[in-house]
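Architecture and fold: a report
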Amino acid sequence: MFKQPSLLLLVALLSISTILRAQHPETYSLSTDSLVNFHASQKKVYHALRLNGKIKIDGKLDEFCWIDGTWSGGFIQQQPLQAKSPSQDTEVCIYYDDRNLYVGIKCYDNEPESIHSILSRRDEFNGDIVGIALDSYNDNRSAFEFNVSAAGQKVDLVHLDAYQWDYNWDAVWDGKTSITDSLWIAELRIPFSQLRFAKADEQIWGMHIWRWIDRLMEEDQWKLIPVDAPEMVYLFGELRGIKGINPKRKLEIMPYTSAKFSPNSEYENKSSFALGVDGKIGLSSDFTLDYTVNPDFGQVEADPSILSLSSYEVFYDEKRPFFLEGNNILDYNMGRDLLFYSRRIGKAPEYFPEIEGEETVAMPDNTSILSALKVTGKSKNGLSIGAIQSFTAKENAIIYSGSTDRKEAIEPFTNYFIGRIKQDYNEGNTVLGGMLTSVIRDINNDQLDFLPGSSFAGGLDFQHNWMKRKYFVDVKTFFSQMKGSENAINRLQLSPQHYYQRADAEHLNYDPTRTGLWGHGGEIEGGKRSGKFRATGAISWRSPGIDLNDVGYLRQADFIQENVELLYKVNKPNGILRDYWCRFQQLHSWSYGGENTKDELGIHSFLRFTNLWQMHLNLERDFNVFDTRELRGGPKLYIDDSWDREIYIQSNSSKDLMFAVGTRRVSYDDNISKRDLHTFFVRWHLNDHVSLSSRTKVELLTDHHQYVQKVGLSSDDTGYLVGTLDRKTLQTTIRLEYFITPELSLQYYANPYASVGSYDSFRRVIDASDRNIDRRYLSLTNMTSVNGAYTFVENDGEQYSIPIPNFNYRELRSNLVARWEFRPGSTLYLVWNSSSLKNSREYESSVIESFGDIFGLKSQNVFMIKFNYWFSL
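The rules behind these values
- Residues numbered from 1 in each chain as written.
- Predicted model: local features only at pLDDT ≥ 70, side-chain atom pairs only at ≥ 80, totals over all residues.
- Heavy atoms only, no water.
- Helix = DSSP H or I, 4+ residues; strand = E, 2+ residues; numbered from the N terminus.
- Rg over C-alpha atoms; globule rule 2.2 N^0.38 Å.
- Buried < 20%, exposed > 50% of the residue type's maximum accessible area, 1.4 Å probe, protein only.
- Contact = heavy atoms within 4.5 Å.
- Lys, Arg positive; Asp, Glu negative; His and termini not counted.
- Charge placed at Lys NZ, Arg CZ, Asp CG, Glu CD.
- Phe/Tyr/Trp six-rings, centres within 6.5 Å; stacked < 30°, edge-to-face > 60°.
- Lys NZ or Arg CZ within 6 Å of the ring centre and 35° of its normal.
- pLDDT = per-residue confidence, 0-100.
- Pairing = 2+ DSSP bridges.

A word on the overall build of the protein
Within the protein one finds 7 helices and 50 strands. In terms of overall size, the protein behaves like a compact globule, its C-alpha atoms giving a radius of gyration of 29 Å where 873 residues would be expected to give roughly 29 Å. The principal-axis extent of the C-alpha atoms belonging to the protein is close to 95 × 70 × 50 Å. For the protein, the residues scored as buried account for 56% of the 873 residues in total. Restricting to contacts in the protein with at least 6 residues of sequence separation, those with at least 24 account for 65%. One finds the centroid of the 95 positive side-chain charges in the protein at a distance of 4 Å from the centroid of its 115 negative side-chain charges.

Focus: the packing of aromatic side chains
The relative placement of two aromatic rings is captured by the distance of their centres and the angle of their planes. Scanning the model with the defined rule gives 32 aromatic pairs in all. Residues Phe 626 and Tyr 638 carry aromatic rings whose centres are separated by 5.2 Å and whose planes lie at 55° to one another, so their mutual orientation is tilted. Of this pair, Phe 626 sits in strand β35 (residues 625–627) while Tyr 638 sits in strand β36 (residues 637–639), and the two are 12 residues apart along the sequence. Put simply, the rings of Tyr 137, Phe 144, Phe 146, Trp 169 and Trp 173 touch in pairs and so form one group of aromatic residues. One cation-aromatic arrangement involves Arg 529 over Phe 472; the distance from NZ or CZ to the ring centre is 4.4 Å.

Describing the confidence of the model for the protein
Parts of the model with low pLDDT should not have their predicted coordinates read in detail. Model confidence for the protein is summarised by a mean pLDDT of 90, while 95% of its residues fall at 70 or above. Predicted confidence is poor over residues 1–31, with pLDDT under 50, and the contacts of this stretch with residues over four places away or in other chains come to 58 contacts.

As for helix α5 (residues 486–494)
Taken as a whole, α5 has its buried residues at Ala 488, Ile 489, Asn 490, Leu 492 and Gln 493. Next to the buried residues of α5 lie β28 (471–483) and β29 (516–528).

With respect to the sheet that holds strand β2 (residues 49–50)
If you walk across this open sheet you meet the 5 strands as β2-β4-β5-β11-β10, and the pairing is mixed. Sheet topology places β2 and β10 (174–179) at the edges, where each strand pairs with a single neighbour. In the sheet, β10 pairs with strand β11 (residues 183–191) via 6 bridges, with the strands oriented antiparallel. Note that in β11 the partner of Ser 178 across the bridge is Ile 185.

Spelled out as structure tokens, the structure:
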């Protein structure tokens, strides 16, 4: 299987290193710095006291219990001067009662006028911050973290493995702050109902407390976790003393009501009214059921605008709260591929009805989610379970013809199920898990038989860590089975993920009579992931028949790939450098038929200077590239070798005005193709309440091998046309945010996008894999343009026509959201969504002119008011 020895060599070296370490385990430590090891190895314990009386959460700490409390200091600096004394002192005091944990933190500062108190969106780190993380499972792997900025904004998250965090978890808790003449204060109330823990006479939890001093980019910790440690949670200190409390069974209900008005809607009914309910039910102290009935996600931010000319599906991030929160337990990713991609549930309908003459059609943008249930949790014995059950509605389009209309089905009623299970062993150092997904459609309309009737996918995964998690091995395997009509399975075989019809791929067996498709895939990764020098290697594969795209995400099937990554990282200041790292990458991939598809070598360096500016430098060489997807089911196409160079510079992010600029240049050995990408970013805190940010990208692309179209030849063969594409793209993302208080805000988001492109130098592919460009293509010089089409005549009289492929694409997506969280968990939204789009074949040579035309396009507007109210029983 291995066509290059690099991965085998890496595995051998790591194995030898591991054996030597195992023979002398007493020599192993987290760091080469003895002072770091001393602080990291110290067991630090805090004993919470039971509260007698009440505490008002106001950020003042003026109750007697705080004055007379047990305050713990002794914080240690983690960065930039690891294991040194912090520049400012910090103290913490903790109480509890039957329902809540109370945390008071004093952040002393000898320059209180320099404290960065900046309001921003929830879960966004801005300014000075302090927080506490609790491993209430005491499993050394996961933790719940509660942070608050000096301005009083809350940031909560869940710790996952190996420096991964889930910021989508939004608990219901209180946090207030205040600033005095010598310190700033944080006061937190964390309900036990928001944590998960087992019943015990005394709770023993892992605990991590940290402070961020923004102007110095300094992090101080109550118990030091070395900056180069492979993971965090297993190095936490301990919280003890909490006695006589019982795990709380949640019963949370959040009904909502919303009203929408769409003045530009194609439907006759321009307004709508909806009722729904979200909530949580504590099935036990460890497991929670989340539910939603008739959900409405009108307040979420619009997706970015993208015009893709490749065969690959565009991946969009999930933004809907129900599918975000707690989704970490359902994660089963293999690089860019996912067994569960939640955007499939409630996606846009896949069928567009055929219309005739003057008929018009109105159809929903997304499939309605009737209901969804989600069970997540983890037991005290390390058993994690996650499951989602959801039903989506049968959707119809309305086709108007004069004064009459008719309905036509465009999406069937569908049942989605996702199940995930993981079991920890060996104090969390070993994890064994599995996942299963299914999609079942009720297809009873002939026009929808192109969809699979059912699909099943599943996988098994295994992870093992040793030598204090410095070394690891991670194995994932998975399979899929699709069933449906001949039409449905034939469509899958011809899809960009598979391209079974490729004539030059002898290992692919295209069969239009199939009613099922089966495949498998996997990934094996391992190596050393901490210390100054790190090395990892991986081998991954996807068989030709694997397909996850009913409820997962698969970018491409039919490949085997190995890659190696070597990293040298220094976190200690040295001269003008505060910290830096350098990473070397090697990649080799081929198809299941043994076809070489790509080789890649790259080096990426990062430098952070003592003035807190930073720089990225990237250099990559791609060679032996044979693209099996560019000709849309045709033979693999040789793409000339290329150099990819990039530099990115960012100013000090702790300043009110921060900017960044980057430029990337990709040049090909054919001396024709090239890509220039320029990025400009600015973020300006006008004051503590108002911020403005903008990210602008300019792309100038010349692609000598851009696919244009298939054409029929007189020999009944298929011809593949390519051309030289000259494309210019200008896009920007603008955010203007005004925070009156942490709970009351006004946020505006806009994403104008323009892309123009023209084609010339048309050629027909003759020998797609020939490295000589003159033998690879036949130039089409005899070309005429009539009525929006190009007609080509070859020397032997072969003639064919194509529509002129030039384009001028303009799009603007924006939304304005007023948000008021009038009590914890209860929110009022006022929303304005606006979108406009136009794509024409009339080429505009100036992308700036095209960009300016965006603001004159007719827009589709939706106005919405949404009110939800949270209460707990």
